[in-house]
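# Report on the structure
Spelled out, the chains give:
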Amino acid sequence: MTPKKLKAAAIGGGAAGIASSIPIVNLANCLCCALVVGGGMLAVYLAMRGEPATEKAPLGDGAMIGVLAGVAAAVVGAIVAIPMAAIFGDPMEMARSIMEGIEGVPPEVLEAFGGEEAAGAMAAVGFVGFLISLVVDVVFSAIGGVLGAAVFHKKPMLRTEA
């Protein structure tokens, strides 16, 4: 993998990771992980700029660039999620306030959403969420990479002789 392709994967994956962490914008991922697919396509577009024309699209290269972009998207998304949680509030505290508004919730359940146990549980949930995100981002970004290779590769010009 050339440094140009690695840089393109980092940019495309980083863009997808940041966009996927922004509230409201991240809802675009509800449409078949559109932001992650787009990140894979962006990575391939950046990697293929200036490449010579080929008869066949380099689908394998597109998939590999997409896989790397998916890894970058998961890592960047996890890093960006930390300040987003600080800005928009602790998810466990939000869940506790919602539960307090529901009639008949046992006090034991409310206690589970506070204290040191909740912090450990939240860390475990965050780690599992990262692993799931890693798998999903890699798969859908690879799909985006293949689509990008098919769309953005340059075909040789046909010469007609007069």
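Residues numbered from 1 in each chain as written. Predicted model: local features only at pLDDT ≥ 70, side-chain atom pairs only at ≥ 80, totals over all residues. Heavy atoms only, no water.

Before going further, it helps to spend a moment on the pattern of salt bridges. Scanning the entire structure with this criterion turns up two salt bridges. For Glu-51, the salt bridge identified is with Lys-4, shortest N-O distance 3.6 Å. Of this pair, Glu-51 sits in the loop between α2 (34–48) and α3 (59–88) while Lys-4 sits in helix α1 (residues 3–21), placing them 47 residues apart in sequence. Assessed through its relative accessible area of 35%, Glu-51 is described here as partly exposed. (Salt bridge = Lys/Arg side-chain N within 4 Å of Asp/Glu carboxyl O. Helix = DSSP H or I, 4+ residues; strand = E, 2+ residues; numbered from the N terminus. Buried < 20%, exposed > 50% of the residue type's maximum accessible area, 1.4 Å probe, protein only.)

Our focus in this paragraph is the confidence of the model for the protein chain. Scored by pLDDT, the protein chain has a mean of 87; 93% of the residues are at 70 or more. Mean pLDDT per element in the protein chain: helix α4 (residues 91–100) is the minimum at 73, and α2 is the maximum at 96. (pLDDT = per-residue confidence, 0-100.)

At a minimum axis distance of 8 Å, the contact between α2 and α3 shows a crossing angle of 125°. Overall, the two elements α2 and α3 adopt an arrangement that is oblique. Crossing geometry of α2 relative to α3 is assigned as right-handed. When α2 is examined against α3, the residues Gly-39, Gly-40, Ala-43, Val-44 and Ala-47 are found in contact with a partner set consisting of Gly-62, Ile-65 and Ala-69. Class assignment of the residues belonging to the contact of α2 with α3 gives a composition of five nonpolar, three polar and no charged. (Axes fitted to C-alpha atoms, helices over the stretch in contact; angles between N-to-C directions. Parallel < 35°, antiparallel > 145°, perpendicular 65-115°, else oblique. Left-handed = near helix turned anticlockwise from the far one by under 90°. Contact = heavy atoms within 4.5 Å. Nonpolar A, V, L, I, M, F, W, Y, C, P; charged D, E, K, R; others polar.)

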